[in-house]
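Examination of the molecular architecture
So you can see what is in the structure, the chains are spelled out below.
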Amino acid sequence: MRALWTVVHRWIGLVLAGFLTMAGLTGAVLSWDHEIDEWLNADMLETPARGPLKTPLELAAAVQASEPRAEISYMTLGLVEGEAAMFMVRSRPDPATGQAPALGYDTVFVDPVSGHITGQRNGRSFALSQRNLMPWLRHLHESLLAPRFWGTDRWGYWFMGSLALLWVADSFVALLLTFPVKLRKSAPRLTAAVGSWWRRWLPSWRVRWGGGTYKLNFDLHRAGGLWVWAVIVIVAFTSFSLNLYREVFYPVMSTVSTTTPGPYETLKPAPQGTLLVPKVSFAQAIAIAQSEAKRLGFAQPAGGIWWGGDFPFYNISFFDPHDETGAMGMGLSNIYVSSDNGEVLGTYRPWHGTAADVFVQLQLPLHSGRILGTPGRVLMSFVGVLVAVLSITGVIIWSVSYTHLRAHETLR
């Protein structure tokens, strides 16, 4: 049986190696996405003007005036002096032809004091540049930059989510293969047998630094995986849950436990390639959400509003603009306002709801490490690099073993 599991681990590892190397290294960088982005694009993200802040709607009007063919899908509400406000836009279809002109960008940054546009970028561009490096890496990490075809842009997410589920299973196979061959089952001496088994397992945790190239690679692969095995399982599982959230994860959670579905879970999106037309304006939705937040006692101000066009509601987020990931990485509270009649459709509050609701909320904070703050981000960067090392050493071990096998067969 051990020989079978060895073959299973070897071939799953070879299938996953390239993808995990990419995901590990990009994940290590993305742990510091805001800091790197601000360093690379300070001229766009940092603003020189000082003085009274304009309102988000005034800034939105400036964005709209700069390109009448664009319509806003997200606007920053928590404005900060010295930091550019972000507006996400998409092309507005021509009423006569129904065709949407190419804008060349999907994000606009605006000085909140002067109202001047400080820069633009296309976060979905396949071309890599300094401006879009961090969005480019995120899309590569999440979906392999897979383009839209057959009416959906979810192919890359489905593929990476499926690989993540395979990674979860293989992590348990890998752990099994580090165990000693067997445990003596003599009942009167069970304690001694367990102690003996533990002593025989300890070498699996060690690296023989002076044992030669093959032994070093083998030990790094085996011991490195053991050192962070629990974290790897968490990263692998949350990769699956985030990428296949609507398709698999949430439906299964709702079946096995009690969840509180929100509008994203209960309402159907518009058909692919179509956008809904809101009857309620951004200004009205903001006012409704702020009134509801006051009634519920939200501690944080409104930080942003999203109108995707695919669901019939606005998503208004409440958070501290200086600490977007507060509350142990789950700092966003959301209020959902109907774009048809202004009705409040539901709320999302971190650490509220059933046990299953909190478990669902924990997926992104666990995956990013932000649940532990800065130490968690450091840990995830380390684990990301280590995942790449485990993948590369696994391929080296297979390559050496395969070469020796071929040489043996040749001698025969």
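The notes below deal with the structure included here. Since this is a predicted model, take the numbers as computed values, not measurements. (Residues numbered from 1 in each chain as written. Predicted model: local features only at pLDDT ≥ 70, side-chain atom pairs only at ≥ 80, totals over all residues. Heavy atoms only, no water.)

**Remarks on the overall build of the protein chain**
Across its full length, the protein chain holds 16 helices and 8 strands. Taken across its 412 residues, the protein chain has 44% of its residues classed as buried. Residue pairs in contact within the protein chain that sit at least 24 positions apart in sequence constitute 59% of those at least 6 positions apart. When the accessible surface of the protein chain is summed, it comes to about 22,100 Å², and 64% of that surface belongs to carbon and sulfur atoms. Between the averaged position of the 33 positive side-chain charges in the protein chain and that of its 29 negative side-chain charges there is a distance of 18 Å. (Helix = DSSP H or I, 4+ residues; strand = E, 2+ residues; numbered from the N terminus. Buried < 20%, exposed > 50% of the residue type's maximum accessible area, 1.4 Å probe, protein only. Contact = heavy atoms within 4.5 Å. Areas by Shrake-Rupley, 256 points an atom, 1.4 Å probe, with all protein chains shown as cover. Lys, Arg positive; Asp, Glu negative; His and termini not counted. Charge placed at Lys NZ, Arg CZ, Asp CG, Glu CD.)

**Comments concerning the layout of surface pockets**
A volume near 830 Å³ is recorded for the second largest pocket. Surrounding the second largest pocket, 34 residues form its lining, His9, Ala174, Leu177, His221 and Gly394 being those nearest its centre. Among the elements of the structure, helix 1 (2-30), helix 6 (155-178), helix 8 (213-227), helix 9 (229-243) and helix 16 (374-411) are those that each provide at least two residues to the lining of the second largest pocket. Counting residues per element, the lining of the second largest pocket draws most heavily on helix 1, at 9 residues. Class assignment for the residues of the lining of the second largest pocket results in 19 nonpolar, 11 polar and 4 charged. (1 Å grid on protein atoms, 1.4 Å probe; cavity = no way out; pocket = protein on both sides within 12 Å on 5 of 7 lines; lining within 4 Å. Points joined across faces, edges and corners; volume = space filled by probe spheres on them. Nonpolar A, V, L, I, M, F, W, Y, C, P; charged D, E, K, R; others polar.)

**A few points about the pattern of salt bridges**
All told, the structure shown has 13 salt bridges when counted by the stated rule. We note a salt bridge from Glu67 to Arg69, for which the minimum N-O separation is 3.1 Å. According to the relative accessible area criterion, Glu67 is buried, its value standing at 14%. If you follow the salt bridges from partner to partner, you end up with Asp33, Arg138, Glu142 and Arg370 in one network. (Salt bridge = Lys/Arg side-chain N within 4 Å of Asp/Glu carboxyl O.)

**Examining the nonpolar core**
In terms of nonpolar packing, the biggest core is built from 30 residues, with Met75, Phe87, Ile305 and Ile316 touching the most fellow members. Mapped by element, the contributors of at least two residues to this core are helix 4 (56-66), strand 1 (70-76), strand 2 (85-91), strand 3 (107-110), helix 12 (282-296), strand 5 (302-306), strand 6 (313-318) and strand 7 (333-338). When residues in this core are grouped by element, the largest group, 5 residues, is from helix 12. Ignoring any residue separated from it by four or fewer positions in sequence, one finds Ile305 in contact with Ser73, Tyr74, Met75, Leu77, Phe282, Ala285, Ile286, Tyr314, Asn315 and Ile316. In this structure, Ile12, Leu20, Val168 and Val228 belong to the second largest nonpolar core, which totals 25 residues. (Core = buried A, V, L, I, M, F, W, Y, C linked by side-chain atoms within 4.5 Å.)

**Examining the sheet that holds strand 7**
Spatially, 4-3-2-1-5-6-7-8 is the arrangement adopted by the 8 strands of the open sheet, whose pairing is antiparallel. Each edge of the open sheet carries a strand with a single partner, namely strand 4 (117-121) and strand 8 (344-348). Within the sheet, the average angular offset between the axes of one strand and its neighbour, ignoring direction, is 20°. Across the sheet, helix 4 touches strand 1, strand 2, strand 3 and strand 4, and the angle it forms with strand 1 is around 150°. (Pairing = 2+ DSSP bridges. Axes fitted to C-alpha atoms, helices over the stretch in contact; angles between N-to-C directions.)

**As for the pairing of strand 6**
Within strand 6, 6 of the 6 residues are buried, which leaves it mostly tucked inside the rest of the structure. Because side chains alternate across strand 6, one face comprises the buried residues Phe313, Asn315 and Ser317, and the other comprises Tyr314, Ile316 and Phe318, equally buried. Of the strand pairs in this sheet, strand 5 and strand 6 are connected by 4 bridges, and their pairing is antiparallel. Bridge pairing links Ala302 to Phe318 in strand 6. Counting the residues between successive antiparallel strands, the hairpin from strand 5 to strand 6 contains 6 residues, one of them, Gly309, with a positive phi of roughly 85°. In this sheet, strand 7 lies alongside strand 6 in antiparallel orientation, the contact comprising 6 bridges. Paired with Phe318 across the bridge in strand 7 is Ser333.

**Regarding the environment of Leu137**
Its location among the elements puts Leu137 in helix 5 (residues 133-143). Classification of Leu137 by relative accessible area gives buried; the value is 13%. As a C-alpha pair, Leu137 and Leu25 span 112 residues in sequence and 9.9 Å in three-dimensional space. When near neighbours in sequence (up to four residues on either side) are disregarded, Leu137 contacts Thr26, Val29 and Leu30.

**Points about the packing of aromatic side chains**
On inspection of all chains with the given rule, the structure shows 24 aromatic pairs. Centroid distance Trp155 to Trp158: 5.2 Å. Interplanar angle 75°. Geometry classified as edge-to-face. Of the two residues, Trp155 and Trp158 both sit in helix 6, 3 residues apart, roughly one turn of that helix. For the ring pair Trp307 and Tyr314, a centre distance of 5.2 Å and an interplane angle of 40° mean the geometry is tilted. Note on Trp307: relative accessible area 4%, which makes it buried. A relative accessible area of 1% means that Tyr314 is categorised as buried. Each residue in the set Phe237, Phe240, Tyr245, Phe249, Tyr250 and Phe359 is aromatic and connected to the rest through ring pairs, giving one cluster. (Phe/Tyr/Trp six-rings, centres within 6.5 Å; stacked < 30°, edge-to-face > 60°.)

**Quick notes on helix 10 (residues 245-256)**
Among the residues making up helix 10, those that are buried are Phe249, Tyr250 and Met253. Down the axis, helix 10 shows its buried residues gathered within 80° of arc, on one side only. Among the exposed residues of helix 10, those pointing more than 90 degrees away from its buried face are Thr255 and Val256. Of the surrounding elements, those touching the buried residues of helix 10 are helix 9, helix 11 (263-266), helix 14 (355-361) and helix 15 (363-368). (Arc of directions from axis to C-beta.)

**Digging into unusual backbone geometry**
Here the phi dihedral of Leu145 falls at roughly 60°; this positive angle occurs in a residue that is not glycine. Topologically, Leu145 is positioned in the loop between helix 5 and helix 6. Overall, Leu145 belongs to the buried group, its relative accessible area being 17%. Even without being a glycine, Trp351 presents a positive backbone phi close to 70°. Mapped onto the secondary structure, Trp351 falls in the loop between strand 8 and helix 14.

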